[in-house]
Amino acid sequence: MRLLRAGFFLLVFPIVFSARAQETGRTDSAGSQLPDKNMQVMIGGIHLSGNKRTRDFIVTREVSLVKGQLLSAAQLQEELVRSHDQLMNTLLFVDVHIYIDAIKGNVVDINVDLKERWYFFPIPYFRLVDRNFNQWLVEQKASFDRVNYGLKFTQQNTTGRNDELNIWLITGYTKQFTIRYGLPFFDRGLHHGFTIGFSSASQKEVNYATLSNKQQFFKQDNDYSRKTTKAELIYSYRPDVRNRHYFKVSYNDERIADTVAVINPVYYPDRKTHIRFWDFTYQYRFLNVDYIAYPTKGFLFDGSLYKRGTTSEYNLWQANLRAVYALPVSQKSFLHVEALATAKLRANGYFYNQRLIGYGFYQLRGLEYNVVDGVAGAALKTSFNRQVFSFILKNPFKSKTHDRIPIRFFLKAYGDLGYAYTRNPNGTNTLNNTLLRTYGFGMDIVSIYDFVLKIEYSFNQLGRDGLYLQTRNNF
């Protein structure tokens, strides 16, 4: 343990020291350079190339420059970087190059060179149902009974309008059918959009309780333990490139096996095994980061107000806040801070209303094997990241859009704090109503299609440490 802690500080010190020794900077996407940063320039033309499927208006909506616009050369460089980030965050392109192509007096022409992603993926689907890889490998003994597999048909950018059609045919741990279509803009002003979806799923095993800070499962082989059916409609409003509003309504039909209601009488209200309810959600997002999947600069805010049910027994209100701030410290280093908060009203002690830390974004590094239920909670996650090296992998197969695959490696040191409050915690759940503390060090590997692999060695307040793996990608 002492050796590992010493290694932690030996890792942090050289990262921080070398970061302070460098000047803050960032490479822009410019080609030709303007001689004077204070020079007033006019945008002459904006020329697009490489968007074979994507409609021009989808691209130009993300470019914060328009023909005839007057601005200083310094402002122009800022807008080039901002437009690059906004185009990458559409998740339509593997590479974006936006730059000054020609200068005639004070008139400049802008080129936007794009490399589109592959948009159609009839790919095999294989995903663990556990919350993370370590839980599946260690606690579940790498059981393939806890794996979902099947086929996932994803058609992104279906009509060139950044719309998406998903059809999932999944079996294994969960038998699931999902169909979902989303169109971000259906009006000429490119402000209004919608998503419609339907899903049906059944599973033989269900998480019915939390004991000793761990999920407890019930399984029956001959029948289902839980069935769900859901239909949803989402209306979206995007007044500009940074602000987004979503209004969602969904109808839910859920059933559990009789035995689940016996072993946990408060899983659903009044020991019911079959419930139906409506969900209503308003969500607001502010997005101003360089890359959504792995932000190294900028600010992101996500807030939502959720209401479950229309009757007193299901009348849950829930508010969620999430903020992410990435502050560059040098050209290759940045500080990442993530804050989360949740409050639930009228949760009424029902188990299906209690999930909190250990689910979704509420992951404390070092507590991957544990969950903490609650009706209110917060978390603060900080890390210092430094890119240590990167390289371009050349595709051995001929491809105009995927000829170069960039891969970046970041070392990091981190510390997390969390708290989950519940009124009457089970005596075995010792992590409720107490300050949670974890820390560690690791490496992140980042590549195209939003691929992020996190290799982390973490320590927690329980005196335990270990190596943990986390991954995410666009599939």
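Okay, so let's go over this structure. This structure is a prediction, so every number in the text was calculated from the model and none was measured.

## With respect to the pairing of strand S15 (residues 298-308)
Here is step 1: Among the 11 residues in S15, eight count as buried, and that is most of the element.
Here is step 2: Bridge count for S15 against strand S16 (residues 316-328) is 11 bridges, and the pairing is antiparallel. Within S16, the position partnered with Asp-302 by the bridge is Arg-322.

## Quick word on the side chain of Arg-244
Here is step 1: Here Arg-244 lies in strand S13 (residues 243-256).
Here is step 2: It is Glu-62 that comes nearest to the buried, bridge-free Arg-244 among opposite-charge side chains, at 5.3 Å.
Here is step 3: Discounting chain neighbours no more than four positions away, the residues touching Arg-244 are Tyr-237, Arg-238, Gln-283, Tyr-284, Arg-285 and Leu-287.

## Here we look at the packing of aromatic side chains
Here is step 1: Using the criterion set out here, one finds 21 aromatic pairs in the structure.
Here is step 2: Ring geometry for Tyr-267 against Phe-351: centres 5.6 Å apart, planes inclined by 40°, an arrangement best described as tilted. With a gap of 84 residues between them, Tyr-267 in the loop between helix H5 (258-263) and strand S14 (274-289) and Phe-351 in the loop between strand S17 (333-345) and strand S18 (376-394) connect regions that are remote in the sequence.
Here is step 3: Their ring planes at 75° and their centres at 6.0 Å tell us that Phe-334 and Phe-410 sit as a pair that is edge-to-face. On the criterion of sequence distance, the pair formed by Phe-334 in strand S17 and Phe-410 in strand S19 (residues 404-421) is long-range, its members being 76 residues apart.
Here is step 4: Through pairs of rings, three or more aromatic residues link up here, namely Tyr-267, Tyr-268, Tyr-350, Phe-351 and Tyr-352.
Here is step 5: Just above the ring of Phe-361 sits the side chain of Arg-322; from NZ or CZ to the centre is 3.7 Å.

## Looking at the nonpolar core
Here is step 1: Among the nonpolar cores identified, the biggest contains 23 residues, and Leu-65, Leu-76, Leu-87, Phe-93 and Ile-110 are the most heavily contacted of them.
Here is step 2: Mapped by element, the contributors of at least two residues to this core are strand S1 (40-49), helix H2 (56-62), helix H3 (73-88), strand S3 (93-104) and strand S4 (107-116).
Here is step 3: Setting aside residues up to four positions removed in sequence, Phe-93 forms contacts with Thr-54, Val-59, Leu-87, Met-88, Leu-114, Lys-115, Glu-116, Arg-117 and Tyr-119.
Here is step 4: Val-206, Ile-256, Val-260 and Tyr-267 belong to the second-largest nonpolar core, a separate cluster that totals 16 residues.

## Structural notes on a nonpolar patch on the surface
Here is step 1: A contiguous nonpolar patch, built from Phe-120, Leu-151, Phe-153, Leu-169, Phe-177, Ile-179 and Phe-198 and spanning about 580 Å² of accessible area, is present on the exposed surface.
Here is step 2: Broken down by secondary-structure element, the contributors of at least two residues to the nonpolar patch are strand S6 (147-156) and strand S8 (174-183).
Here is step 3: Within the secondary structure, Leu-169 is located in strand S7 (residues 164-172).

## Points about the pattern of salt bridges
Should the charged atoms of two oppositely charged side chains come close, the side chains can pair.
Here is step 1: Following the criterion strictly, the structure yields 14 salt bridges and no others.
Here is step 2: As a salt-bridge pair, Arg-255 and Asp-253 come within 3.9 Å of each other at their nearest N and O atoms.
Here is step 3: Classification of Asp-253 as buried rests on a relative accessible area of 15%.
Here is step 4: Through salt bridges with shared partners, a single ionic network connects Arg-180, Lys-230, Glu-232 and Lys-248.

## What to know about unusual backbone geometry
Here is step 1: You will see that Asn-162, though not glycine, has its phi angle at about 60°, which is positive.
Here is step 2: Within the secondary structure layout, Asn-162 lies in the loop between S6 and S7.
Here is step 3: Taking relative accessible area as the criterion, Asn-162 reaches 25% and is therefore assigned partly exposed.
Here is step 4: In the Ramachandran plot, Ser-212 falls in the positive-phi region, its phi being about 55° despite a non-glycine side chain.
Here is step 5: Assignment of secondary structure puts Ser-212 in the loop between strand S10 (205-211) and strand S11 (214-219).

## Digging into the sheet that holds S4
Here is step 1: Strand order in the open sheet formed by four strands is S2-S1-S4-S3, and the pairing between neighbours is mixed. Two strands bound the open sheet, and with one partner strand each, they are strand S2 (70-72) and S3. Ignoring which end each strand starts from, the neighbouring axes of this sheet average 40° apart.
Here is step 2: Each of S1, S2, S3 and S4 touches H3; the most contacted strand, S3, lies at about 155° to it.

## Here we look at the environment of Thr-228
Here is step 1: Tracing the backbone through its elements, the reader meets Thr-228 in strand S12 (residues 226-237).
Here is step 2: Sequence separation between Thr-228 and Gln-176 is 52 residues; the distance between their C-alpha atoms is 9.4 Å.
Here is step 3: Residues in contact with Thr-228, not counting those within four places in the same chain, are Ser-199, Ser-200, Ala-201, Asp-253 and Glu-254.

Reading the values: rules and limits
Residues numbered from 1 in each chain as written. Predicted model: local features only at pLDDT ≥ 70, side-chain atom pairs only at ≥ 80, totals over all residues. Heavy atoms only, no water. Buried < 20%, exposed > 50% of the residue type's maximum accessible area, 1.4 Å probe, protein only. Helix = DSSP H or I, 4+ residues; strand = E, 2+ residues; numbered from the N terminus. Pairing = 2+ DSSP bridges. Lys, Arg positive; Asp, Glu negative; His and termini not counted. Salt bridge = Lys/Arg side-chain N within 4 Å of Asp/Glu carboxyl O. Contact = heavy atoms within 4.5 Å. Phe/Tyr/Trp six-rings, centres within 6.5 Å; stacked < 30°, edge-to-face > 60°. Lys NZ or Arg CZ within 6 Å of the ring centre and 35° of its normal. Core = buried A, V, L, I, M, F, W, Y, C linked by side-chain atoms within 4.5 Å. Patch = residues over 30% accessible without salt bridge, like charges linked within 9 Å, V, L, I, M, F, W, Y side chains within 5 Å. Areas by Shrake-Rupley, 256 points an atom, 1.4 Å probe, with all protein chains shown as cover. Axes fitted to C-alpha atoms, helices over the stretch in contact; angles between N-to-C directions.

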